[in-house]
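Descriptive analysis of the structure
Here is what each chain is made of, one letter per residue.
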Amino acid sequence: MSHEHTAEKLVRMANQIASFFASQPEATRVDGVATHINKFWEPRMRRQLFEILDAGGPGLDPLVLDAAKLVNRPEPA
C-alpha cells in the first residue's frame, strides 16, 4: 500500500471519528476524538497522523485538527 493511499485512509478514518463525535455535546467533542485516537490507534497510525498534521493537515476535519492537540505523539520510528 502506498504512503499516499495510507494517508488518505487515515484522513478518512479520523474524519469518521470526528463525524461521530460531532453529534455529541460540544464540550465533549474534542476530548472524545482525541481519547478515541489515543486509545485505539497504534503508535504507527498516530505517527502517520502527525506526518499529515505537520504537512498542514490537508483533508482533515476541523474537529480532528482541534483534537490533535490532545493526541499523544509517539516516539519517532
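Procedures and definitions
- By convention here, each chain's residues receive numbers from 1 onward along its written sequence.
- Totals for whole chains, interfaces and linings use every residue, but because this is a predicted model, local features are given only for residues with pLDDT of at least 70 and side-chain atom pairs only at 80 or more, for both listing and counting.
- Hydrogens and water molecules were not included; the side-chain quantities draw on all heavy atoms of the structure.
- Here a strand is any run of E in DSSP of at least two residues, a helix any run of H or I of at least four, and the numbering for each starts at the N terminus.
- Here the expected span of a helix is defined as 1.5 Å times the quantity of residues minus one.
- Whether a residue is buried, partly exposed or exposed follows from its accessible area with a 1.4 Å probe, protein chains only, as a fraction of its type maximum: under 20%, in between, or over 50%, in that order.
- Residue contacts are counted whenever heavy atoms from the two residues lie within 4.5 Å of one another.
- To get an axis, fit a line to the C-alpha atoms, keeping to the stretch in contact for a helix; angles then go from 0 to 180 degrees between the N-to-C directions.
- Reported orientations rely on four angle classes, namely roughly parallel under 35 degrees, roughly antiparallel over 145, roughly perpendicular from 65 to 115, and oblique for the rest.
- Here is the rule for handedness: rotate from the far helix to the near one, and if that takes an anticlockwise turn smaller than a right angle the crossing is left-handed, while a clockwise turn gives right-handed.
- Polarity classes work like this: nonpolar for Ala, Val, Leu, Ile, Met, Phe, Trp, Tyr, Cys and Pro, charged for Asp, Glu, Lys and Arg, and polar for all others, with Gly in that last group.
- To qualify as a nonpolar core, a set must consist of buried Ala, Val, Leu, Ile, Met, Phe, Trp, Tyr and Cys residues joined through side-chain atoms within 4.5 Å.
- Per-residue confidence from the predictor is reported as pLDDT, which spans 0 to 100.

In the annotation of an unreviewed UniProt entry, the entry for the protein chain reads Formate dehydrogenase subunit delta, and the organism field reads Ciceribacter lividus.

1. Topic: helix H3 (residues 43–54)
Spanning 12 residues, H3 covers 16 Å between terminal C-alpha atoms, matching the ideal 16 Å at 1.5 Å per step. Burial in H3 covers these residues: Met45, Arg46, Gln48, Leu49, Phe50, Ile52 and Leu53. In the core, the buried residues of H3 are packed alongside helix H1 (3–21), helix H2 (26–40) and helix H4 (62–67).

2. As for the packing of H1 against H2
Here H1 crosses H2 at 140°, and the two axes come no closer than 9 Å. One way to sum up the angle between H1 and H2 is to call them oblique. Seen along the crossing, H1 lies across H2 with a hand that is right-handed. Every residue of H2 that contacts H1 at Ile17, Ala18 and Phe21 is listed here: Arg29, Gly32, Val33, His36 and Ile37. When the residues that make up the contact of H1 with H2 are grouped by side-chain class, the tally is five nonpolar, two polar and one charged.

3. Considering the side chain of glutamine 48
When you line up the elements, glutamine 48 lands in helix H3. With a relative accessible area of 15%, glutamine 48 lands in the buried category. Apart from the residues lying within four places of it in its own chain, the contact partners of glutamine 48 are Thr6 and Leu10.

4. Some details on the nonpolar core
Core analysis: the largest hydrophobic core is formed by 21 residues, its most contacted members being Ile17, Val33, Ile37, Trp41, Leu49, Leu53 and Leu60. Sort the elements by how many residues they give to this core and H1 lands first, with six residues. Those residues in contact with leucine 53, other than ones at most four positions away along the chain, are Leu60, Leu65 and Ala68.

5. Quick notes on the confidence of the model for the protein chain
For residues with low pLDDT, the predicted coordinates do not support detailed interpretation. Averaged over all residues, the pLDDT of the protein chain is 94; the fraction at 70 or higher stands at 99%. Across the protein chain, element-level confidence peaks in H4 with a mean pLDDT of 98 and bottoms out in H1 with 93.

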